[in-house]
Amino acid sequence: MYCSFCRRDHHHVDKLVAGPGVFICDRCVTLADMAMAGRSIPDFPGWASLDDEQLLGSLVAADDGVRRLHDGIGELIHEIRTRGVSWARIGEALGVSRQAAWERFASFG
């Protein structure tokens, strides 16, 4: 499990809170609290500032995050379709055609 924001794994943070397909660590919650309070937060120094192992760890975390989001969208589409919501309404909600929605999500349910 990895923080969806900083990509630290659960072994490198004190706490990791789960949401629907995402996680946030205690460090990122602190930064979010600072931002919400109007205090400045440090900028991300960029990918070039990380060593090879950190970059590879970020790649693994990002891939895991994409998989979790994919699974979460699948569950959401399945529930929506179980309720009988049409592809036209799904497309309208997404700002795309019925056909585009179906092509993108039909495999989910």
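Structure shown above.
Notes on the structure follow. What you see as residue numbers is a count from 1 along each chain, following the sequence as written. Only residues with pLDDT of 70 or above have their local features reported here, since the model is predicted, and side-chain atom pairs are shown and tallied only from 80 upward, although totals for entire chains, interfaces and linings are computed over all residues. Excluded from the side-chain calculations are hydrogens and water; all other atoms, namely the structure's heavy atoms, are used.

1. Thoughts on the packing of aromatic side chains
The geometry of an aromatic ring pair comes down to the distance between the two centres and the angle between the two planes. Each aromatic pair joins two rings of Phe, Tyr and Trp (for Trp, the six-membered one) with centres within 6.5 Å, and gets the label stacked for planes under 30 degrees apart, edge-to-face for over 60, and tilted for any other angle. A complete count under the given rule lists 2 aromatic pairs for this structure. Arranged with centres 5.4 Å apart and planes meeting at 75°, the rings of F44 and W47 form a pair that is edge-to-face. On the basis of an interplanar angle of 35° and a centroid distance of 6.1 Å, the ring pair of F105 and F108 is categorised as tilted. Residues F105 and F108 agree in their burial class; the two are buried. Type-normalised accessible area, obtained with a 1.4 Å probe on protein chains alone, sets the label of each residue: buried when under 20%, exposed when over 50%, and partly exposed for intermediate values.

2. Looking at unusual backbone geometry
Positive phi outside glycine occurs at R7, with the angle close to 70°. In DSSP terms, a helix is any run of H or I states spanning at least four residues, a strand is any run of E spanning at least two, and both are numbered starting from the N terminus. Looking at the element boundaries, R7 is found in the segment before strand 1 (16–19). With a relative accessible area of 24%, R7 lands in the partly exposed category.

3. Digging into helix 2 (residues 52–82)
Each residue after the first adds 1.5 Å to the expected span of a helix. With 31 residues, helix 2 should cover 45 Å at 1.5 Å per step; its first-to-last C-alpha distance of 45 Å lies within 8% of that length. On its buried side, helix 2 packs onto helix 3 (87–94) and helix 4 (98–105). Between N or O atoms, a polar contact is any pair within 3.5 Å; within protein, one atom must be a potential hydrogen donor and the other a potential acceptor, and residues adjacent in sequence are included only when both atoms are from side chains. At the N-terminal boundary of helix 2, the capping side chain belongs to D51, with an oxygen 3.1 Å from the backbone nitrogen of E53. In the segment just after helix 2, G84 is the residue with positive phi, at about 85°. Contacts are assigned to residue pairs that have any heavy atoms within 4.5 Å of one another.

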